[in-house]
Amino acid sequence: STLAALIVIGTGAMTGATLSPVMLGLFIDELGLTASQASLALAAENGAYALGLLLFYLVLHRARRPMLAAIGLVVMIVTSLLTARAGGFVPLLAIRGAFGLAMGFPAPTVFAACAGRADPQRVWAIATFVNLTYAALLLTLSGWIAQNFGLAGIVAVLAGVALIGLACTRAIPPAPPAAQEPPAAAGGWTLNRPAICGALALLCLYAGHTTLWSFQERMGLAVGLDRSQVGVLLGVSVLGATAGAILSMTAGHRFGQRGPNALAFAGLVASALLLAMPVMAAYVAGAVIVKTAWFFGLPFILGALARLDRSGRWSSMGAALLALGSAIGPAIGATLASRGAHMIGFLAAGLYLLSFLFTLPLFAADRLASDR
């Protein structure tokens, strides 16, 4: 089906992000980079990805979607294979930058196609569940692949999943006629305030998420856990994430949108405050609750943003700000970490509250649109 093809393309396009921790280590071990250089290569990839999403919002939404996705996936295949042959830091920087920019072509076409479906919230919940399951399996296998085949094996996986996605691009539906798009989507620079709020909500949400995620090991060590125990706990927390995605998928519209959204944010704020407490039981509870609330609430926000703009441009902009938030959060957290692990929890709680406030206009507009 079309939905299955979209999920295959989207999941394959994001495989690079899933494997980035493994690739960072291989850049250091096999290509002889320093830790700082390897990190910069991945940062260039992420920055270029955000640029690709922004380009889709500005101009590339006019391109034929199957063709745009195919071009991006072909470049991803080529740059994946070139990665193993990179001769040093500068070539790797250029190759991974090109890969990230190309990743920003198929991803927004999938976002846009999902936005045009009848129930984008349910679509996002299904896609989230599939992505989580796929990521868990892939990360489980990645250590074995890296151990036996090195960087060549990992980039072969990237090229392989991009090739599978390329075979599915014909299933991407064309963009709707301009007459079917809302004025904010068709008119270029017309302000769509609820959509702007939705995109800003994603920025703050992921700034909070990545702040906690980046420092969660340090916070676990601070309450007396060792690294192996923290690793097991973070693995278990993925089960909470899967449960959250399933709950979002089954809830649908039964309880409206605003109630589940408020419940998700209540869970996020509570989890951040629990993680801020210097108590092991609180840390364990917070680590599981944050993942459950995260993946329960996210499809509601993505679905509401998609319903406000069926062209998918604002979904792409939201994804770009999401990526920006993922970079901003840890940067702010790094300035507070010296004051104690509890400050990270308080920072995340504040970011979650700000994100929740931005969702209020989004869901108010979504409700008005659905009542018409």
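Residues numbered from 1 in each chain as written. Predicted model: local features only at pLDDT ≥ 70, side-chain atom pairs only at ≥ 80, totals over all residues. Heavy atoms only, no water.

J.: Just checking my understanding: could you explain the overall build of the protein for this structure?
T.: Looking only at helices and strands, one finds 15 helices and zero strands in the protein. On C-alpha atoms alone, the protein measures out to a radius of gyration of 20 Å, which is about the 21 Å that the 2.2 N^0.38 rule sets for 372 residues. Across its three principal directions, the C-alpha atoms of the protein cover 55 × 45 × 35 Å. Evaluated residue by residue, the protein yields a buried proportion of 53% over its 372 residues. Taking the contacts inside the protein whose residues are at least 6 apart along the sequence as the reference set, 84% of them involve residues at least 24 apart. Of the roughly 15700 Å² of accessible surface on the protein, 71% is carried by carbon and sulfur atoms. (Helix = DSSP H or I, 4+ residues; strand = E, 2+ residues; numbered from the N terminus. Rg over C-alpha atoms; globule rule 2.2 N^0.38 Å. Buried < 20%, exposed > 50% of the residue type's maximum accessible area, 1.4 Å probe, protein only. Contact = heavy atoms within 4.5 Å. Areas by Shrake-Rupley, 256 points an atom, 1.4 Å probe, with all protein chains shown as cover.)

J.: How should I be thinking about the environment of glycine 72 in this particular structure?
T.: Structurally, glycine 72 is set in helix H5 (residues 65–83). Along the primary structure glycine 72 and methionine 103 are separated by 31 residues, whereas in three dimensions their C-alpha atoms are 6.1 Å apart. Ignoring sequence-local partners within four residues, the contact set of glycine 72 consists of Ala102, Phe105 and Pro106.

J.: Explain H5 to me, please; I cannot follow it from the model alone.
T.: Residues spaced three or four apart along an α-helix point in a common direction, a consequence of the helix completing one turn every 3.6 residues. Its 19 residues give H5 an end-to-end C-alpha distance of 27 Å, which sits within 8% of 27 Å, the value for a rise of 1.5 Å per residue. Those residues of H5 that fall on the buried side of the exposure criterion are Arg65, Pro66, Leu68, Ala69, Ala70, Gly72, Leu73, Met76, Ile77, Thr79, Ser80 and Thr83. (Expected span 1.5 Å × (residues − 1).)

J.: Whenever I open this one, the side chain of serine 355 confuses me. Can you help?
T.: With respect to the secondary-structure elements, serine 355 resides in helix H15 (residues 341–371). According to the relative accessible area criterion, serine 355 is buried, its value standing at 0%. Here serine 355 is in contact with Ala201, Cys204, Leu205 and Phe265, once residues within four sequence places are set aside.

J.: Explanation requested: the packing of aromatic side chains in the structure shown.
T.: A ring pair, where both rings are aromatic, is described by two values, the distance of the centres and the angle of the planes. Evaluation of the coordinates by the stated rule reveals seven aromatic pairs. An angle of 45° between the planes, with centres 5.6 Å apart, marks the rings of phenylalanine 111 and tryptophan 124 as tilted. Pair noted here: phenylalanine 111 is in helix H7 (residues 106–115) and tryptophan 124 is in helix H8 (residues 120–167), with a separation of 13 residues, a long-range link. When its relative accessible area of 12% is taken as the criterion, tryptophan 124 is described as buried. Look at tryptophan 294 and phenylalanine 295: their rings are 4.9 Å apart centre to centre, the planes differ by 10°, and that puts the pair in the stacked class. By relative accessible area, which is 10% here, tryptophan 294 ends up buried. Joined through ring pairs, the aromatic side chains of Tyr206, Trp294 and Phe295 make up one cluster. (Phe/Tyr/Trp six-rings, centres within 6.5 Å; stacked < 30°, edge-to-face > 60°.)

J.: How should I be thinking about the environment of alanine 341 in this particular structure?
T.: Examined against the element boundaries, alanine 341 turns out to sit in helix H15. Since its relative accessible area comes to 27%, alanine 341 is described here as partly exposed. Each C-alpha atom, one on alanine 341 and one on alanine 98, is 37 Å from the other, the two residues being 243 residues apart in sequence. Those residues in contact with alanine 341, other than ones at most four positions away along the chain, are Met219 and Ala222.

J.: For this particular structure, what's the right way to read the environment of phenylalanine 111?
T.: Accessibility expressed as a relative area gives 14% for phenylalanine 111, which makes it buried. Not counting residues up to four positions away in its chain, the partners in contact with phenylalanine 111 are Tyr49, Leu53, Trp124, Ser315, Ser316 and Ala319.

J.: Could you clarify how one ought to interpret the nonpolar core in this entry?
T.: Nonpolar side chains in soluble globular proteins generally cluster together in the buried interior. Within the largest apolar cluster, 81 residues are counted, with the highest numbers of intra-cluster contacts made by Met76, Leu202, Leu205, Leu212, Leu268, Tyr283 and Tyr352. For this core, the element with the most residues is helix H13 (residues 280–308), which contributes 14 residues. Val22, Ala41, Ile95 and Ile145 belong to the second largest nonpolar core, which has 20 residues in total. (Core = buried A, V, L, I, M, F, W, Y, C linked by side-chain atoms within 4.5 Å.)

J.: Is there a simple way to explain the packing of H5 against helix H6 (residues 89–103) in this structure?
T.: The axes of two packed helices give the description: the angle between them and the distance between them. Between H5 and H6, the shortest axis-to-axis distance is 8 Å and the interhelical angle comes to 155°. On the basis of their axis angle, the class for H5 and H6 is roughly antiparallel. At the point where H5 passes H6, the crossing takes the left-handed sense. Mapping the contact onto sequence places Gly72, Val75, Met76, Thr79, Ser80, Leu82 and Thr83 in H5 and Leu92, Ile95, Arg96, Ala98, Phe99, Ala102 and Met103 in H6. Each residue belonging to the contact of H5 with H6 can be placed in one class, and the counts come to nine nonpolar, four polar and one charged. (Axes fitted to C-alpha atoms, helices over the stretch in contact; angles between N-to-C directions. Parallel < 35°, antiparallel > 145°, perpendicular 65-115°, else oblique. Left-handed = near helix turned anticlockwise from the far one by under 90°. Nonpolar A, V, L, I, M, F, W, Y, C, P; charged D, E, K, R; others polar.)

J.: Sorry, what's going on with the packing of helix H3 (residues 20–31) against H8 here?
T.: Viewed as axis vectors pointing N to C, H3 and H8 meet at an angle of 95°, and their least axial separation amounts to 11 Å. It follows that H3 is roughly perpendicular to H8 by the angle criterion. From H3, Val22, Met23, Leu26, Phe27, Glu30 and Leu31 reach across to H8, where they touch Ser142, Ala146, Gly150, Leu151, Ile154 and Leu158. Class assignment for the residues of the contact of H3 with H8 results in nine nonpolar, two polar and one charged.

J.: I would appreciate a short explanation of H3 in the present structure.
T.: All of the buried residues along H3 are Ser20, Val22, Met23, Leu26, Phe27 and Leu31. Seen along its axis, H3 keeps its buried residues to an arc of 145°; they face one direction. Residues of H3 that are exposed and angled more than 90 degrees away from the buried face: Pro21 and Asp29. Turning to H3, the residues buried within the fold contact helix H2 (15–18), helix H4 (35–58), H5, H6 and H8. (Arc of directions from axis to C-beta.)

J.: What should I look at first to understand the pattern of salt bridges in this one?
T.: Close approach of charged atoms allows side chains with opposite charge to pair. Evaluation of the coordinates by the stated rule reveals one salt bridge. Note that arginine 96 and glutamate 45 form a salt bridge whose closest N and O atoms lie 2.9 Å from each other. With arginine 96 in helix H6 and glutamate 45 in helix H4, the pair connects residues that are 51 residues apart, well separated along the chain. We note that arginine 96, like glutamate 45, is buried. (Salt bridge = Lys/Arg side-chain N within 4 Å of Asp/Glu carboxyl O.)

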